[in-house]
Amino acid sequence: MLRKLLFNSKVVLKQQPKLNHIRNLAIKAVTPKILQLEQIHIDEAVKLEPTLSIYSPEIWRRAHETFQNHGLETVNFLRIVTGNPSVLKRTPDKIINSLEIWRACQFGENLLHLLLTKYPDLLDITDSHQLLSHIAYLKSRVSTSKNVWKLLMNSPDLIAQPEDSLEEKLNHIIDVMRIEVPEIAKSAALALPVEDLRCRHEFLVRLGLFKPRPLKADPNEPTTNHKLYQITDTSEKTFATKICHVTLPEFEAFKELYAKELERKQRKAKEEEDLSDEED
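Residues take numbers from 1 onward in each chain, read along the sequence in its written order. Where local features are concerned, this predicted model is filtered to residues with pLDDT of at least 70; where side-chain atom pairs are given and counted, the filter is 80 or more; whole-chain, interface and lining totals use all residues. The basis for every side-chain value is the complete set of heavy atoms in the structure, and neither hydrogens nor water enter the calculation.

*Asks:* So, the overall build of the protein: which residues are in play, and what are the values?
*Replies:* Helix numbering and strand numbering both begin at the N terminus, where a helix is a DSSP run of H or I of at least 4 residues and a strand a DSSP run of E of at least 2. Regarding its fold elements, the protein presents 14 helices and zero strands. Along the protein, helices (α) and strands (β) appear in the sequence α-α-α-α-α-α-α-α-α-α-α-α-α-α when read from the amino end. Relative accessibility under 20% of the residue-type maximum defines a buried residue, over 50% an exposed one, and the middle range a partly exposed one, all with a 1.4 Å probe and only protein chains included. Per-residue burial for the protein yields a buried fraction of 42% across its 280 residues. The contact criterion used is simple: two residues touch if any of their non-hydrogen atoms lie within 4.5 Å. For the protein, restricting intrachain contacts to residue pairs at least 6 apart in sequence, the fraction spanning at least 24 positions comes to 72%. Note on areas: Shrake-Rupley with a 1.4 Å probe; residue coverage comes only from the protein chains shown. Approximately 15900 Å² of the protein is accessible, and the part contributed by carbon and sulfur atoms is 53%.

This is how it looks when you write it as structure tokens:
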């Protein structure tokens, strides 16, 4: 299994203002298109991420030159080291190896730079075989490398999820909810635990707010269903009040009752299976 990486969307969102500040600072100093690393950029980065203060100007220069030689502009470099300070102390060979591991995923340079700049912790992955195997599995389910990239941009923790867990969620979304791949790629649905995914879907169904498309329906035909991202990429409060038009306590009560309902069904199924084995 891939080394587990922990991603917290709230932390990422909190980082955006400071990353935007770095970008604005860099834009002010840009001459033509290629921006050189200035001491003012280092000073600002250290203010935003104090752990960077232990590194010498030579280490900053060496790391910046390595990233720049591989197509990443200074603003991207600053975002990466501010988001993942440990990258700065790595040797050029280790940085290049990390970039090559991700290049093998074949997202294209521009898309890859966007992904690594948004989630610098992805540069901590060192097992290329397991990463490529995981990417190949995702591609087999969502058709293209571009769709895999979109999934990771919305849910980078997919890299740490076991395939059987992803399979369970994808099967539910595609086969039960009958939602097409392009809509899945635009959401963070696969980041949601499968129990929560099923619960939200079932709640909408019982409220009469979700009807799966007929099997032979045109996927481009409009539907009254909410988009997948509206169902999955929201807090429980927003889901309850804005999507389902009920109160949060009402949804919480359903969630508890639904979990007990599933437990009873599983227990009954096991009892019937045990009884069948005894008769054989």
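*Asks:* I'd love a proper account of the pattern of salt bridges, names of residues and values included.
*Replies:* Should a side-chain nitrogen of Lys or Arg be within 4 Å of a carboxyl oxygen of Asp or Glu, the pair is scored as a salt bridge. The final tally for this structure, using the stated rule, is 14 salt bridges. The closest approach of N and O atoms between Glu236 and Lys255, which form a salt bridge, is 2.4 Å. Of the two residues, Glu236 sits in helix H13 (residues 236-243) while Lys255 sits in helix H14 (residues 248-279), which places them 19 residues apart along the sequence. Residue class for Glu236 comes out partly exposed when judged on its relative accessible area of 26%. Among the residues examined, Lys255 registers a relative accessible area of 26% and is labelled partly exposed. One continuous salt-bridge network, built from bridges that share partners, spans Glu202, Arg206, Glu261 and Lys265.

*Asks:* How would you summarise the packing of aromatic side chains if you had to cite specific residues and measurements?
*Replies:* When the centres of two rings from Phe, Tyr and Trp lie within 6.5 Å, Trp using its six-membered ring, the rings pair. Their planes under 30 degrees apart give stacked, over 60 give edge-to-face, and anything left gives tilted. Under the definition given, this model contains seven aromatic pairs. An angle of 50° between the planes, with centres 5.7 Å apart, marks the rings of Phe67 and Phe77 as tilted. Taken as a pair, Phe67 in helix H3 (residues 57-69) and Phe77 in helix H4 (residues 74-83) lie far apart in primary sequence, 10 residues in all. This pair shows no difference in class: Phe67 is buried, exactly as Phe77 is. Between Phe203 and Phe239, the aromatic rings sit 6.5 Å apart at their centres with planes inclined by 50°, giving tilted as the arrangement. With a gap of 36 residues between them, Phe203 in helix H11 (residues 194-206) and Phe239 in helix H13 connect regions that are remote in the sequence. Note on accessibility: Phe203 and Phe239 belong to one class, buried.

*Asks:* Tell me about the environment of Asp121, and please be specific about residues and values.
*Replies:* Residue position: Asp121 is located in the loop between helix H6 (109-118) and helix H7 (128-142). On the accessibility criterion, Asp121 (26% relative accessible area) is partly exposed. Counting along the chain gives 35 residues from Asp121 to Ser86, while the straight-line C-alpha distance between them is 9.4 Å.

*Asks:* Now, about H11: what can you tell me, with residues and values included?
*Replies:* How far a helix is expected to stretch is found by multiplying one less than its residue total by 1.5 Å. Helix length check: H11 (13 residues) gives 18 Å between terminal C-alpha atoms against 18 Å at 1.5 Å per residue, within 8%. When we look at burial in H11, the residues that qualify are Val194, Leu197, Cys199, Arg200, His201, Glu202, Phe203 and Leu204. Just downstream of H11, Gly208 is the residue with a positive phi angle, here 80°.

*Asks:* Summarise the confidence of the model for the protein; cite the residues concerned and give the values.
*Replies:* In the predicted model, the protein carries a mean pLDDT of 88, and the fraction of residues at 70 or more is 86%. pLDDT: the predictor's confidence for each residue, scored from 0 to 100. A low-confidence stretch, residues 1-16 stays under pLDDT 50, and its non-local contacts, those more than four residues away or across chains, total 21 contacts. Counting contacts from residues 25-34, a segment whose pLDDT is below 50, to residues more than four positions away or on other chains yields 11 contacts.

*Asks:* Break down the packing of H7 against helix H9 (residues 163-176) for me, citing the residues and quoting the values.
*Replies:* Note on geometry: axes are lines fitted to C-alpha atoms, helical ones only across the stretch in contact, with angles between N-to-C directions running from 0 to 180 degrees. Direction vectors running N to C along H7 and H9 enclose 10°, while the axes themselves pass 11 Å from each other. As judged from the angle between their axes, H7 and H9 are roughly parallel. Contacts between H7 and H9 involve Ser133, His134, Tyr137, Leu138 and Arg141 from the former and Glu163, Leu166, Glu167, Leu170, Asn171 and Ile174 from the latter. Oblique is the label for any angle not under 35 degrees, not over 145, and not in the 65 to 115 range, which are roughly parallel, roughly antiparallel and roughly perpendicular in turn.

*Asks:* Quick one: what's the story with the packing of H3 against helix H5 (residues 92-103), residue by residue and with numbers?
*Replies:* Helix-helix packing is described using two parameters, namely the angle between the two axes and the distance between the axes. Running from amino to carboxyl end, H3 crosses H5 at an angle of 30°, the nearest separation of the two axes being 10 Å. Regarding the angle of H3 to H5, the classification is roughly parallel. Handedness of the H3/H5 crossing: right-handed. On H5, the residues touching Arg62, Ala63, Thr66 and Phe67 of H3 are Pro92, Ile95, Ile96 and Leu99. As a working rule, the residues Ala, Val, Leu, Ile, Met, Phe, Trp, Tyr, Cys and Pro are called nonpolar, Asp, Glu, Lys and Arg charged, and the rest polar, with Gly in that last group. Grouping the constituent residues of the contact of H3 with H5 by class yields six nonpolar, one polar and one charged. A crossing counts as left-handed when the near helix is turned anticlockwise from the far one by less than a right angle, and as right-handed when that turn is clockwise.

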